[in-house]
Structure formats: C-alpha cells, structure tokens
Amino acid sequence: MTRKWLYSAIALLLVLTALLGACSERAPTVTQAPAVTQSPAAPAQQPTSPPVSKSTSPAAASPTTPPAAKPTSPPAARPTTQPLSKAAPAPKPERVVVLVDSLGNEGFLPHNDSATAFKLMPVYETLWDLDPATRRPVPMLAETLPRWSDDGKTLSVSLRQGIQFHDGWGEFTAEDVKFGIELGGRKGSVSPGFQDMAKVKVEITGTHKLAIQFDKPDWAWALSIASTGRLMLPIISKKYVEKVGEAEAGRHPIGTGPFKFVKHEVGQSVEYEAVPNHWRVTPDYKTLVVKVIKEPGTAISMLRTGEADITAIPLSFVPEAKAAGLDIRVIRNIGVIGVALGGQYLPTRESFDPNVPWVLAKEPEKALKVRKALNLAVNRQEIIDKVLNGIGGQWSMIGSPNEDASYDSSMKPYPYDPDQAKRLLAEAGYPNGFETTMVLFPSTGHATREVAEAVAIYWEKIGIRVKRLPVDQATHRTRQVGRKNAGFAYPAYRNFYDEEFVGGASAYLSDGAGLNQMFEYPELDRLIKSAATELDQGKRLAIALEFHKKIYENYYAVPVSVENMPIAVGKRLGEWPIILGDSWLGNFERIKLK
C-alpha cells in the first residue's frame, strides 16, 4: 500500500465523522474501578507491528522526487478498558537509559514546557495516539476516534472509565481533560499546543464525557492532537495540581502513563518506574532513565560500553556509531531541514526591521533578489553527501507537504548557481555582500548545527559576512516566540504531517504561538485560515498547493534536505516500534529487551 492510501483513509475518516456524525463502536468500560494502587489493564491483544527496519547504508532520496512512500500494516486493534490478564509478566528488573541533548524547559506541565519534554515523558498519556506502523489515529484515553457534529463546530469525546492517576490521585475524568486544555491555552503558556488549546471552549457533559466547541469548523484539531500525541495535550490531574500547586506539580509530574515519575535532577536526568498491570501496556523492563548528554561522541561511547541504550545521533556521527558496532535504525522522511531568514514579520510588529536585506520593506523586489541569492548560493547535494553522509534528498521548500497530496513535482529544488547569486546581490544593492548572524543550536535528532554551519560557509563564498551565535534550544525558542530574530538566520525544520495545515499555524500563522516561526505574510494567513475551516478534502489540497507555490516562488526560506533521523541502539534492545515520521524519541513503553 502507498502513503496516498494512508493519507486518504485518515482524511476520509475525519471528513465523514464531521459531516455525518459517524462514530466508532464504543469500547466496553470497567464496571468497577480498581483500587488506586492497581490501574485498569491493557487489552488481552495488543496492537502489533513489525520490528523497526535496520539499515547500515540508507539510500539517499532522489534529488528531484519526493521521499519514498511509508510502509503500512493492518489497522491496530482498538484498545479497550478490559482488565489485563493476571498472567501478564511483571517488568524485568532492568533499566533502559536514553540519551538526549535537552529535557526542554523542565517545567513538566502543559503550559510550562516544550514538545521535547513531553515526548520524553511516558508518565503522561493523551486522548488519541498514532499507530506506530501506520500513523493511523487510534484512541488512547478517549474511547473512540474523533466524533464531530454536523456543522463541524463541536467535538464530542467519551473517555475511558476506571483509569487511575499515579500515586493514588484518583480516577481520570472529563474534569482533568478540561483542566489540561485550559492550562495549556492560557495566556503566557509556552505549550506547543497553545494555539489549539486557546481557541476552544470545553463543556463537561458527564463524568467521562465532554464537548469541545469551536467558533468555526476545525477538522485539523483532533488530527493534530493524534499526530503529535503528548506534545500537544499531556493529561494531568486537576485534583493533584490544585492540591500541591503548580510549582510542585511541575517538579513531580503525575499522570496515567505506563511509567511513573521517580526523580528529576535539573539539567541532568529524569528517572521513571514501570507501572505494573498498566491499563494500556505494561513495560518489559522496570526502570527508564532519560539522561542529558550533549556530545554525540560521548553518547556513542556510552552505548558502546553498555552505560546507555538509545540515542539519536547527528548524521555526521553515523560512521563513528557504525564503527563502534552499534545498531543504526533510521526513521525516514521525518521532515525537511534548512535555514530560516528571521525578521519576515508583519510591519505592525514592534520587532519589525524594514532594513533587513531579505525584508527591505520599501523595496520588496530587491528583498526577493536577496532571498533568491541566498538560496542559489547553497550546494544542497554537496551538503547531503558530505555533511549528512548521503542520508537525505533535496527538497523544494521548508514546509510539510504530503508527497501524495500536496506535493507539486514541478517545483524542483533550487539549483546551485553562485555566479547568479552574486549578480542578484549586486542588483539588490549589495555588490560587496552584507553582514548577518547565524544562530546555531542543537536539537535532538536533527542536524541543525551542521546544516546551518554548511549554509553559512556557502554564503561566505558569495560575499556574505556571517557571524556565528551558539545558543541552546530553549533560548532560541524564547527568541522565536517573541519575534526577536530580525536580521538573524537560524536552522529550521518542519515535520511531515498527514496534511500540510496540521501544525502549520505554529510555523507560519502571524497570530499563532510562534514556536517554530519562520515567516509571516497576510496572504499566507488567509490561506491557513481558509484551510482550517474547509471540510472538503479536495478544496483543502488546492489551498495547500497555492500555499506551497507562494513559499516556493518567494524564496521565503532556504530548504536543504529531506531529513532522515538515525538512532543508535545498544545490543540489549530488541523490537521497538518507533512511530513513522516521528522526529522525537518516544514510545519507550513498547521497547522489548532481548
């Protein structure tokens, strides 16, 4: 099967539920809630998927064609709230150590932390998830897939019953979902789901039922929650947060997940312990440690000696990891990476600078020539071959088009033409180039620093004077949210989603959260908002094509390559169903030890 089939299936499901009010068969509920020390259990038959494929020499994607279609598998079995069999094995008395370069903001509540932190926190669960092998949405804490009203403005959610929060904090209910949504969407929130949470109203319609209401139809809301899982809406205990206060709740997170929190050393590590007889899945091992190691060479050494088990590594370190005898598992087609040109803000912004060379508010034609020059100066294939170890493929824009739906093959990757780049700079009034700053920051699983440094070197060859500014990712995110990058270039990546406008507001919408902000223009605002309320799939795809064409023809950013994410794995790990196209490490509860 192809990704086109997969994409169509997901989109058709959402449209049908919106227009016809169709709903899936409701799973049975627990008739008597178990004691707080033993949560409801996983279904007797868990969804299965094939082991993650291993590759020691991943093939590069074609420079002029979209990435290969992702494999699919039969639909996952629907989770239920039936108790786990008493014969289920207890977690093995072993620990798995995952190495990352950041724990996010380390606030661990929906309004205080970043996507990075929540993906690394199996203490939390959410309403819907994605099946690892197919990317099809499946229920998690919700009983069924999304159910929309006929007008597409109300999402009715029925929740599983009998599910307990850790450490005796009671049963999960609709009040907890409402509390989490409102916390993530309140003013000052840095949640990656802020934009989505802030625009809805939640009505409690029963102990385990709620209605999420929208001013306009918003087909992407539920798919966005499923696509990014705990990144958007980690479910927390209202009772717990109100009892101990937000500060303490952020230091000691309580959720419903298959691991519970044990301890946290700021800037260093978080430790979790498996929950026996968990309602969804009981981990194969007892202890999970997520540890910060910023140097890839150190991380590889720790895996080689058995001190650690998993780490995402930069593509430039793949040869070293192979030489160390590590198992390299590659998640293909997670998105596109390149460089953003900061300062393309609305003129009404306080931080707007009309004199940035690629903005030039009074001479937009010259600004366009500068942006085009910065693109033609970059030899993308050489970066892929020499910096990314041949793991990648040229792409035509920093966006997240689905190659089967909103990808236009006529938009070829920009060519490498440094001579024309110099001529364009001269025509724009910069015969001797200009000075700019390249922000450099690490990001787990992404070659952000390497790609940005390579682009800076190519720019210098056409006369641009590039200063380097190393920062951590949390600092960079703060700058992004505040639109403080006018005149700065910085590494940027966009994940592939099942539809372009799932998550797109965060990167392009001028009144969005701005967590991944690259550029904002009124014409892009119009298209994003139009697509957000369009229930017709064909019309949405037409909007996406127009959206991509504007980005492509105006050279708003500097795309470089399709991203494939290599993960180095130690010798003890067996099957680990990583979610296709997911650029964050996660799904730790599904790891099997050999």
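For the structure, see preceding data.
These notes cover the structure that comes with them. If you're wondering where the values come from, they're calculated on a predicted model, not measured in any experiment.

For the chain, the count of helices and strands is 17 helices and 16 strands. Looking at the chain residue by residue over its 594 residues, the buried ones come to 61%. In the chain, the proportion of contacts linking residues at least 24 apart, taken out of those at least 6 apart, comes to 74%.

Taken as a whole, this structure holds 24 salt bridges when the rule is applied. The salt bridge involving Lys199 is made with Asp196; its shortest N-O contact spans 3.5 Å. We note a salt bridge from Glu248 to Arg251, for which the minimum N-O separation is 3.3 Å. In this pair, Glu248 and Arg251 both sit in helix α7 (residues 246–251), three residues apart, roughly one turn of the helix. On the basis of relative accessibility, which here comes to 51%, the residue Arg251 falls in the exposed class. When salt bridges that share partners are traced, they join Glu94, Asp309 and Arg572 into one network.

A separate point is the packing of aromatic side chains. In total, this model carries 15 aromatic pairs according to the counting rule given. With centroids separated by 5.1 Å and ring planes inclined at 20 degrees, the aromatic side chains of Tyr414 and Tyr552 adopt a geometry described as stacked. In this pair, Tyr414 sits in the loop between α11 (380–386) and α12 (418–427) while Tyr552 sits in helix α17 (residues 537–554), placing the two residues 138 residues apart along the sequence. Tyr552 matches Tyr414 in its accessibility class, with the two residues each being buried. The interplanar angle of 20 degrees and the centroid separation of 4.3 Å between the aromatic rings of Tyr521 and Tyr556 together place this pair among those described as stacked. A residue pair is termed long-range when its members are at least 10 positions apart, and Tyr521 in the loop between α15 (504–508) and α16 (522–532) and Tyr556 in the loop between α17 and β16 (557–569) qualify at 35 residues. What makes Tyr556 buried here is its relative accessible area of 2%. Its guanidinium or amino end placed over the ring of Phe488, Arg479 lies 4.6 Å from that ring's centre, counting from NZ or CZ.

A few words on α16. Among the residues of α16, those classed as buried are Leu524, Asp525, Leu527, Ile528 and Ala531. Buried residues of α16, seen end-on, are gathered within an arc of 170 degrees and therefore sit on one face of the element.

What follows is about the packing of α16 against α17. Running from N to C, α16 and α17 cross one another at 160 degrees; their axes reach a closest spacing of 10 Å. Comparing the axis directions of α16 and α17 gives the class roughly antiparallel. When you trace α16 past α17, the crossing you get is left-handed. Touching Glu523, Leu524, Arg526, Leu527, Ile528, Ser530 and Ala531 of α16 are Arg540, Ile543, Glu546, Phe547, Lys550 and Ile551, all from α17. The residue inventory of the contact of α16 with α17, partitioned by class, reads seven nonpolar, one polar and five charged.

The next thing to look at is the nonpolar core. If you look at the biggest cluster of nonpolar residues, it comprises 68 residues, and the most contacted ones within it are Trp221 and Leu585. The element contributing the most residues to this core is helix α3 (residues 174–184), with five residues. Val318, Val378, Leu425 and Val466 belong to the second largest nonpolar core, which has 59 residues in total.

For sheets, the rule is that strands pair by backbone hydrogen bonds, running either parallel or antiparallel. The strand order across the open sheet formed by four strands is β4-β5-β7-β6, and the pairing between neighbours is antiparallel. Taken across any chain shown, the strands that pair with only one partner, and hence form the sheet edges, are β4 (147–148) and β6 (201–206). Both β6 and strand β7 (residues 209–213) contribute to a ladder of five bridges, which runs antiparallel. Looking at the pairing, Glu203 lines up with Ala211 of β7. Most of the contacts of α3 go to β6, to which it runs at about 175 degrees, and overall it touches β6 and β7.

Right, let's get into the pairing of strand β10 (residues 285–292). Within β10, six of the eight residues are buried, leaving the element largely enclosed by the surrounding structure. In terms of strand pairing, strand β1 (residues 92–100) meets β10 through seven bridges, oriented parallel. Counterpart to Leu99 in the pairing with β10 is Lys291. Of the pairings in the sheet, the one linking strand β9 (residues 269–274) to β10 comprises five bridges and is antiparallel in character. Each residue of the ladder has a partner; that of Tyr272, found in β10, is Leu288.

Basis of the calculations
- Residues numbered from 1 in each chain as written.
- Predicted model: local features only at pLDDT ≥ 70, side-chain atom pairs only at ≥ 80, totals over all residues.
- Heavy atoms only, no water.
- Helix = DSSP H or I, 4+ residues; strand = E, 2+ residues; numbered from the N terminus.
- Buried < 20%, exposed > 50% of the residue type's maximum accessible area, 1.4 Å probe, protein only.
- Contact = heavy atoms within 4.5 Å.
- Salt bridge = Lys/Arg side-chain N within 4 Å of Asp/Glu carboxyl O.
- Phe/Tyr/Trp six-rings, centres within 6.5 Å; stacked < 30°, edge-to-face > 60°.
- Lys NZ or Arg CZ within 6 Å of the ring centre and 35° of its normal.
- Arc of directions from axis to C-beta.
- Axes fitted to C-alpha atoms, helices over the stretch in contact; angles between N-to-C directions.
- Parallel < 35°, antiparallel > 145°, perpendicular 65-115°, else oblique.
- Left-handed = near helix turned anticlockwise from the far one by under 90°.
- Nonpolar A, V, L, I, M, F, W, Y, C, P; charged D, E, K, R; others polar.
- Core = buried A, V, L, I, M, F, W, Y, C linked by side-chain atoms within 4.5 Å.
- Pairing = 2+ DSSP bridges.

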